[in-house]
Amino acid sequence: MEIKLDDVTGREMIDLIREHLEGMYLTSPPESIHALGLEELKKADVTVWSAWEDGELLGCGALKEIDATHGEIKSMRTAAAHLRKGTARQLLAHIIEEARERGYSRLSLETGSMEAFYPAQRLYESFGFQYCPPFADYWDDPNSLFMTKELR
């Protein structure tokens, strides 16, 4: 598997991000969807990576800078054909390492509280993320769970 920076302009990535957003609307009420759209993923404070194998897109993930010491994991998505193959685990490890290299002391995320998000919650827990109150611009929402990890 090769993980590389992605400018979110390729057809495969555009389709995967659309799939990600559609999935959010199927499982969450609109007011509880915090996924970034294509244009938001292209902003200067967001870095996106994609995972590839044999020319096929396996998944993606992003890191958004909240401030000089705090990053947020965004847009973690594995292509449907590649679920349960370790793609998300490798992308998450890559993003955590990048956050450390940037000197962040904390890495946080928001995920859904519903059953569809249980695999993601277990993944984050396995990397040492702990549940926390809302951070940055988030608010208390019964459809969201917030997690954070100290990096120092």
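Details of the structure are given in the entry above.
Residues numbered from 1 in each chain as written. Predicted model: local features only at pLDDT ≥ 70, side-chain atom pairs only at ≥ 80, totals over all residues. Heavy atoms only, no water.

This next bit is on the side chain of His82. If you trace the backbone, His82 turns up in the loop between strand 4 (70-78) and helix 3 (87-101). With a relative accessible area of 9%, His82 lands in the buried category. Among the polar contacts listed, one links the side chain of His82 to the side chain of Lys85, at a separation of 3.2 Å. For His82, the contacting residues outside a window of four places in its chain are Glu56, Leu57, Leu58 and Thr87. (Helix = DSSP H or I, 4+ residues; strand = E, 2+ residues; numbered from the N terminus. Buried < 20%, exposed > 50% of the residue type's maximum accessible area, 1.4 Å probe, protein only. Polar contact = N/O pair within 3.5 Å; in protein donor to acceptor, adjacent residues only side chain to side chain. Contact = heavy atoms within 4.5 Å.)

Moving on to the environment of Ile17. Its location among the elements puts Ile17 in helix 1 (residues 11-27). Considering only alpha carbons, one finds Ile17 and Leu38, 21 residues apart in sequence, at a separation of 7.1 Å. Beyond its immediate sequence surroundings of up to four residues, Ile17 is in contact with Val8, Leu36, Leu38, Leu41 and Cys60.

Residues Ile73, Leu92, Leu107, Tyr124 and Phe129 are the most contacted members of the largest nonpolar core, which totals 20 residues. Of all the secondary structure elements, the ones that give two or more residues to this core are strand 2 (46-53), strand 3 (56-67), strand 4, helix 3, strand 5 (106-112) and helix 4 (118-126). Among the elements that line this core, the one with the most residues is helix 3, at five residues. Not counting residues up to four positions away in its chain, the partners in contact with Ile73 are Ala62, Leu92, Ile95, Leu107, Ser108, Leu109, Tyr124 and Phe129. One finds Val8, Leu38, Val46 and Ala62 within the second-largest nonpolar core, a separate group that totals 16 residues. (Core = buried A, V, L, I, M, F, W, Y, C linked by side-chain atoms within 4.5 Å.)

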